[in-house]
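Observations on the three-dimensional arrangement
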Amino acid sequence: MDSKTPIENLYSIEPALSSSSRRSNFSSNSKSLGGNSIREVNFVDLGPKPVKYGSRGAESETYSMSQREINDEDARLVQINDPVKTNERFEFAGNSIRTGKYSILTFLPRNLFEQFHRVAYIYFLVIAVLNQLPQLAVFGRFASILPLAFVLLVTAVKDAYEDYRRHRADNIENNRPASVLVNHEFQQKKWKDIQTINLDGESNLKTRYAKQETLLKIPEKENVSGVIKCEKPNRNIYGFQANMEVDGKRVSLGPSNIILRGCELKNTTWAVGVAVYAGRETKAMLNNSGAPSKRSRLETHMNLEIIFLSLFLTALCTVVSVCAAVWLRRHRDELDYLPFYRRKDFSEDEEENYNYYGWGLEILFTFLMSVIVFQIMIPISLYISMELVRVGQAYFMIRDTQMYDEPSNSRFQCRALNINEDLGQIKYIFSDKTGTLTENKMEFQCASIWGVDYNGGKVSSQDQKDGYFVQVDGKVLRPKMVVKTHPELLQFARSGKETKEGSHVHDFFLALAACNTIVPIIVDTPDPTLKLIDYQGESPDEQALVYAAAAYGFMLIERTSGHIVIDIQGERQRFNVLGLHEFDSDRKRMSVILGLPNKSVKAFVKGADTTMFSVIDRSSNTSIIRATEAHLHSYSSIGLRTLVIGMRELSTSEFEEWHSAFEVASTALMGRASLLRKVASNVESNLCILGASAIEDKLQEGVPEAIESLRTAGIKVWVLTGDKQETAISIGYSSKLLTSKMTQIIVNNNSKESCRKSLEDAIIMSKKLTTMSGTTNDTWRTLGASLTPVALIIDGTSLVYILDSELEERLFELASNCSVVLCCRVAPLQKAGIVALVKKRTSDMTLAIGDGANDVSMIQMADVGVGISGQEGRQAVMASDFAMGQFRFLVTLLLVHGHWNYQRMGYMILYNFYRNAIFVLVLFWYVLFTCFTLTTAINEWSSVLYSVIYTSVPTIVVGILDKDLSRRTLLKYPQLYGAGHREECYNRRLFWITMIDTVWQSAVVFYIPLLAYWGSTIDGSSIGDLWTLAVVILVNLHLAMDVIRWNWITHAAIWGSIIATFICVIIIDAIPTLVGYWAFFHIARTGLFWLCLLAIIVTALIPRFVVKVLYQFYTPCDVQIAREAEKFQAEIQSAAVEVEMNPILDHPRP
């Protein structure tokens, strides 16, 4: 048992005692511990020393059981009731855990180490260090450190708060009470375990069994000794390998004998267990590694522009240093007496050289000083601005009521704050089907029994309301869920085994009621005379089948490890469960061996048709088999999930042979899994077919409309499912993924060569189908309108030969020509392989969405992973970047928030480049007129506050709140999402246009005051204040020109920043100890000062304004057209004017 308490005294591995009856099995639900409790017997917590053991990955259940003998070197030995002996070799890890990253002592060094992984931070640290040197001191020593310190402080505060929340959760969990056996008495001790999570992502019940050898032992009354030999701690949540020696007998333990951390007991009020793993060694803790770190596409592209800016910065510094070298050479004879370069010190009797280090060093110092002065060309404030904007965007996404799922009471979750803008550039969506497109709430629809199709039946209103029920001790017991029944089939079920048809129906529904791991739970109702049976189990399919059996009069009442009780048409019958072979991914079947009341023994088997027909006896009942196959095909064609049911009666000798082999395999300490599979295969043979069941997994609300909108937006939707091809195709049609206009290309092959030929033929066909009809021209519009849609349907068997081979290229070429790709019968790793196939061969953004544990690899492989919090638990959510309750919310997430986030972030990055570059260029122009001495007229404090106070807040506010288009428009015209695909908001062309505009504006800011005050007696500090105010007003008005949605916060941020700049300049110039005392008051009292400000703003912004008007008038993009349509919405609606968008192409970018 995964421990939740300190390790104290040990009792036994798997006892499970019910308060009402002593049963040898109970069930666990992967949720937090609720009303029921687990009383655990453990060892003393001997300290937090780690055990440095490796751990295997999460292998499949097939390989999780014993494959080899556990030797002492590879095992953990737990001595029962002997903690001293248990810990004599080494001390086990304590049960107290810590999920926090930092402690008080390690926070500062570790947090700084993590932050300086950003190269830009190292760059600014070097700049700050250089400025501390006397020869290079341009700014004050404190002022040069302030920007970097501010950014580091903000990030550190955020990290500290997040870690505080983790420590607070740890403290709560570590101090919860638990019952621990000490000296044969249970005592309350602190819980000390990790936070509750659902390990395997499944919310359905899992049956767990106590061993008969420990079942009747009571720890308070007797002393039990022995030893448990189990695996070392590992993260494989699907398997457990151990054996136990107790009372001189050695018994094997497997996955059905361990309860993992985070389980809730069902079907029993308490259980006593032994903790074999504790604290950080529990499987939950070992699997709690978090989602992989991802970086947004915009940030990756931004790094390249930062390299360009670095090269531009180097060029500016080189120009300054070369010009300084030339000037020094030309004036070398004047350097003894010139200010700044005066070499001679006449203050002493003997003349000395000072403040001059020679021509070579002066050039070097000039270059380094240039780097310090122009340092903000690399915008350090951009990083913190991006973090704050993403937090704000996440807040509004979480608060969006359009993405709130009322049935599950779940809001949208933003689990990764660094890829919000990627939501606006998604080109491929890879979706699971069951639970993602469908509800994963199975409903029994129809059945084929002994070749007869019982489909389309209805029940009377009275039967529908009441359904089947039984009387128990004067109380009515009724299934919790009512199932639609077929009148004729219901009549056969009630007739018993009197007729031939009735006999087949009886065996069929007996198989449905017995061949499962469902646990019946009695639920009270407000009516004291009525109780409901809630069937809970691992599989929603099994639940639907058991409810169907109950509706036809075969009601499962009780289940233990040794028997089941089924009420058959009012007669309660007990069946001995002689053996159970659970479902595995190899056999794709499960079987149960029942001892019937008439002393006969029968094996009931159910499974997928692909594996069941291979074990059915085809020598007899051929017509029945063919009829059943035809019914299965028809069921699959309308999107139903199917299972085949078979039966075999075992003779005494056959049963004894099976029982002997089953006992040997069940108790084997080596190769147990393979032995059990072999025994199962032997008994699951020569079956007599009983029929087939059909279950409907209904589409979620809004799925067809969502897929249609996504495809209209130019997003390719691929569905990756484990279902049959016919079922997947049917769901494809009902979800509008497939249309009647599409041509289907189906690839189903069983060899590599046949796959190669099919792919080559399919590529030729797809190219023919996508050839334009009629006259072609070179416009995108004609090309997009003339493509013929093609859908590729491929199965998992074919992918076995295609993935990780040279055929991958051919598959990608084929898929690139298709509008839809549908992959059937695929394994979890194949899902990830399909995502990798696209990621490796195109730069397009990918998104994977799923709800189950089998979707985790796909979710983590994609650029963006989305988890659906549905029936399959929370493992997909835990591994995702974003989580939501319904597939249809994807439309709002991508087309609305994705578009907004991409547009805002793209503009914000370009604006930050412009905002910092214009300030640097003003400093550069000034250097050219001051003999390249790197003096600056702008106060050093204004230089520091420029990116922190003067211009930072408006950028962040606009990045969070601005909306280029309304939600209604974005949803009405999904084609607008193509702006992200075409990179309209951030690209290399926009970057260089912005830089050219920046050069022009900086020249205007510098030269208009220079010319206006040329020949005047104004000092450098005064004109420096003019330049500072001009730049701040200009960049804020530049931003204001581009704001689309104004609100009071935006007004306050933009105009407030300008006012704050004036206030700061006044305060700085009013401090006598600072350079430039009273400078602002000298220059601001003249009219020329205000005239220069007006001239700068008008002259700098006119070219930008003219270009924007001409561009939007003659070559408007879709977003601009839609924006104009919003302005005149009333007129457009009355005139019924349509807005024509650019075509969406399916061709991926190289």
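Residues numbered from 1 in each chain as written. Predicted model: local features only at pLDDT ≥ 70, side-chain atom pairs only at ≥ 80, totals over all residues. Heavy atoms only, no water.

A closer look at the overall build of the chain
- The helix and strand tally for the chain stands at 38 helices and 35 strands.
- Within the span of the chain, comprising 1150 residues, buried residues form 56% of the whole.
- For the chain, the computed accessible surface area is about 48,500 Å², with 57% contributed by carbon and sulfur atoms. (Helix = DSSP H or I, 4+ residues; strand = E, 2+ residues; numbered from the N terminus. Buried < 20%, exposed > 50% of the residue type's maximum accessible area, 1.4 Å probe, protein only. Areas by Shrake-Rupley, 256 points an atom, 1.4 Å probe, with all protein chains shown as cover.)

Considering the layout of surface pockets
- Its volume calculated, the second largest pocket comes out at about 1,600 Å³.
- Secondary-structure elements contributing two or more residues to the lining of the second largest pocket are helix H27 (889–928), helix H32 (988–1012), helix H33 (1020–1042), helix H36 (1087–1114) and helix H37 (1118–1127).
- Among the elements that take part in the lining of the second largest pocket, H36 stands out by supplying 8 residues, more than any other.
- Of the residues belonging to the lining of the second largest pocket, the class tally is 21 nonpolar, 9 polar and 15 charged. (1 Å grid on protein atoms, 1.4 Å probe; cavity = no way out; pocket = protein on both sides within 12 Å on 5 of 7 lines; lining within 4 Å. Points joined across faces, edges and corners; volume = space filled by probe spheres on them. Nonpolar A, V, L, I, M, F, W, Y, C, P; charged D, E, K, R; others polar.)

Details of the side chain of His581
- Relative to the elements of secondary structure, His581 occurs in strand E24 (residues 571–581).
- Looking at His581, its side chain comes within polar contact range of the side chain of Trp658, at 3.1 Å.
- Once you skip the residues sitting within four places of it in the chain, His581 turns out to touch Arg587, Met590, Ser591, Trp658, Phe662, Leu676, Val679, Ala680, Val683 and Glu684. (Polar contact = N/O pair within 3.5 Å; in protein donor to acceptor, adjacent residues only side chain to side chain. Contact = heavy atoms within 4.5 Å.)

Some details on the packing of helix H7 (residues 297–330) against H32
- Running from N to C, H7 and H32 cross one another at 35 degrees; their axes reach a closest spacing of 11 Å. The crossing of H7 and H32 is right-handed. On the side of H7, the interface is formed by Leu304, Glu305, Phe308 and Leu309, while H32 contributes Arg988, Phe991, Trp992 and Met995.
- Here the contact of H7 with H32 is composed, by residue class, of 6 nonpolar, no polar and 2 charged. (Axes fitted to C-alpha atoms, helices over the stretch in contact; angles between N-to-C directions. Left-handed = near helix turned anticlockwise from the far one by under 90°.)

Focus: the nonpolar core
- Ranked by internal contacts, the top residues of the largest apolar core, which has 105 residues, are Met302, Phe374, Ile909, Phe913, Tyr946, Val1005 and Phe1089.
- Residue contributions to this core peak at 19 residues, all from H27.
- Residue contacts for Tyr946: discarding those within four places in its chain leaves Ile376, Arg915, Asn916, Ile918, Phe919, Thr951, Val1031, Val1032 and Val1035.
- Grouped together as the second largest cluster of nonpolar side chains are 67 residues, Ala513, Leu545, Phe613 and Leu632 included. (Core = buried A, V, L, I, M, F, W, Y, C linked by side-chain atoms within 4.5 Å.)

Quick notes on the pattern of salt bridges
- Taken as a whole and judged by the stated rule, the model has 37 salt bridges.
- The salt bridge partner of Glu684 is Arg587, with a shortest N-O separation of 2.6 Å. In this pair, Glu684 sits in the loop between helix H17 (672–683) and strand E28 (688–699) while Arg587 sits in the loop between E24 and strand E25 (589–595), placing the two residues 97 residues apart along the sequence. Neither Glu684 nor Arg587 differs from the other in exposure class; each is buried. (Salt bridge = Lys/Arg side-chain N within 4 Å of Asp/Glu carboxyl O.)

Examining empty space enclosed by the protein
- According to the stated counting rule, one finds 5 cavities of 30 Å³ or more in the structure shown.
- The volume enclosed by the largest cavity comes to roughly 60 Å³.
- Residue lining of the largest cavity: Gln903, Arg904, Tyr907, Met908, Tyr911, Thr955, Val958, Gly959, Asp962 and Leu1039, and that is the complete set.
- Mapped by element, the contributors of at least two residues to the lining of the largest cavity are H27 and helix H29 (952–961).
- Tallied by class, the residues present in the lining of the largest cavity amount to 5 nonpolar, 3 polar and 2 charged.
- Approximately 50 Å³ is the volume attributed to the second largest cavity.

Things to note about a nonpolar patch on the surface
- Residues Leu1088, Leu1091, Leu1094, Val1098, Ile1102, Phe1105, Val1106, Val1109, Leu1110, Phe1113 and Tyr1114 make up a contiguous nonpolar surface patch of roughly 1,100 Å² in combined accessible area.
- By the element assignment, Phe1113 lies in helix H36. (Patch = residues over 30% accessible without salt bridge, like charges linked within 9 Å, V, L, I, M, F, W, Y side chains within 5 Å.)

Regarding the side chain of Asp697
- Position of Asp697 relative to the elements: it lies in strand E28.
- Buried within the structure, Asp697 lacks any salt-bridge partner; Arg641 is the closest side chain of opposite charge, at an N-O distance of 4.6 Å.
- In this structure the side chain of Asp697 is engaged in a polar contact, spanning 2.6 Å, whose partner is the side chain of Thr438.
- Those residues in contact with Asp697, other than ones at most four positions away along the chain, are Thr434, Gly435, Thr438, Glu439, Asn440, Lys441, Met442, Arg641 and Ile731. (Lys, Arg positive; Asp, Glu negative; His and termini not counted.)

Examining the packing of aromatic side chains
- The full count for this structure, using the stated rule, is 38 aromatic pairs.
- Taking the centre distance of 5.6 Å and the plane angle of 50 degrees together, the rings of Tyr1077 and Trp1078 count as tilted.
- By relative accessible area, Tyr1077 is classed as partly exposed at 43%.
- A network of ring pairs unites the aromatic residues Phe374, Phe924, Trp925, Tyr926, Phe929, Phe1006, Tyr1007 and Trp1027 as a single cluster. (Phe/Tyr/Trp six-rings, centres within 6.5 Å; stacked < 30°, edge-to-face > 60°.)

Overview of the environment of Ser619
- Checked against the element boundaries, Ser619 lands in the loop between helix H14 (609–612) and helix H15 (622–637).
- A polar side-chain atom of Ser619 sits 2.5 Å from a polar atom in the side chain of Asp617.

Let's talk about unusual backbone geometry
- Residues other than glycine seldom take positive phi values, yet Trp450 does so here, at roughly 50 degrees.
- Mapped onto the secondary structure, Trp450 falls in the loop between strand E16 (438–449) and strand E17 (452–454).
- Since its relative accessible area comes to 16%, Trp450 is described here as buried.

Overview of the packing of H32 against H36
- Contact geometry for H32 and H36: axes closest at 9 Å, N-to-C directions at 155 degrees. Judged on the interaxial angle alone, H36 and H32 are roughly antiparallel. In terms of crossing hand, the pair formed by H32 and H36 is right-handed. Across from Asp997, Trp1000, Gln1001, Val1004, Val1005, Ile1008, Pro1009 and Ala1012 in H32, the residues of H36 making contact are Leu1088, Cys1092, Ala1095, Ile1096, Thr1099, Ala1100, Leu1101, Pro1103 and Arg1104.
- When grouped by side-chain class, the residues that make up the contact of H32 with H36 number 13 nonpolar, 2 polar and 2 charged. (Parallel < 35°, antiparallel > 145°, perpendicular 65-115°, else oblique.)

As for the sheet that holds strand E19 (residues 475–479)
- Pairing in this open sheet of 4 strands is mixed, and the strands run E18-E19-E21-E20 from one edge to the other. The sheet is open, and its two borders are formed by strand E18 (470–472) and strand E20 (519–524), each paired with just one other strand. Strand-to-strand twist of the sheet, defined as the mean angle between neighbouring strand axes without regard to direction, takes the value 35 degrees.
- Direction of pairing for E18 relative to E19: antiparallel, over a ladder of 3 bridges. (Pairing = 2+ DSSP bridges.)

Focus on helix H34 (residues 1048–1069)
- Here H34 contains 22 residues, and its C-alpha end-to-end distance of 31 Å stays within 8% of the 32 Å for a straight helix at 1.5 Å per residue.
- In this structure, the buried residues of H34 make contact with helix H28 (940–950), H29, H33, helix H35 (1079–1084) and H36.
- You can read the cap of H34 off the contacts: a side-chain oxygen lies 3.0 Å from the backbone nitrogen of Ile1049, and it is on Asn1047. (Expected span 1.5 Å × (residues − 1).)

Brief notes about the pairing of strand E21 (residues 530–536)
- Across the 7 residues of E21, 6 count as buried, placing the element largely inside the fold.
- Sheet topology places E19 next to E21; 4 bridges connect them, and they run parallel. Residue pairing for E21: Val476 is matched across the bridge by Leu530.
- Turn length for the E20-E21 hairpin, with the two strands adjacent in sequence and antiparallel, is 5 residues.

Re the sheet that holds strand E15 (residues 426–431)
- The 9 strands are arranged E14-E35-E34-E33-E15-E29-E32-E31-E30 in an open sheet whose pairing can be described as mixed. Looking at strand neighbours, the two that pair on one side only are strand E14 (413–414) and strand E30 (743–747), the edges of this open sheet.
- As judged from the 3 bridges shared by strand E34 (residues 864–868) and strand E35 (residues 882–884), these two strands associate in the parallel manner. Bridge pairing links Val866 to Phe882 in E35.

Topic: the confidence of the model for the chain
- Mean pLDDT over the chain works out to 80, with 79% of the residues at or above the 70 mark.
- For the stretch residues 30–68, pLDDT sits under 50, and the model shows 158 contacts to residues farther than four places along the chain or on other chains. (pLDDT = per-residue confidence, 0-100.)

Focus: the pairing of strand E27 (residues 640–650)
- When you tally the buried positions in E27, you get 10 out of 11 residues, the bulk of the element.
- Note: strand E26 (residues 601–607) against E27, 7 bridges, orientation antiparallel. The residue bridging Lys602 from the neighbouring strand is Glu649, located in E27.
- As defined by bridge partners, E27 adjoins E28 across 8 bridges and the pair is classed as antiparallel. Bridge pairing in E28 places Thr642 opposite Ala694.

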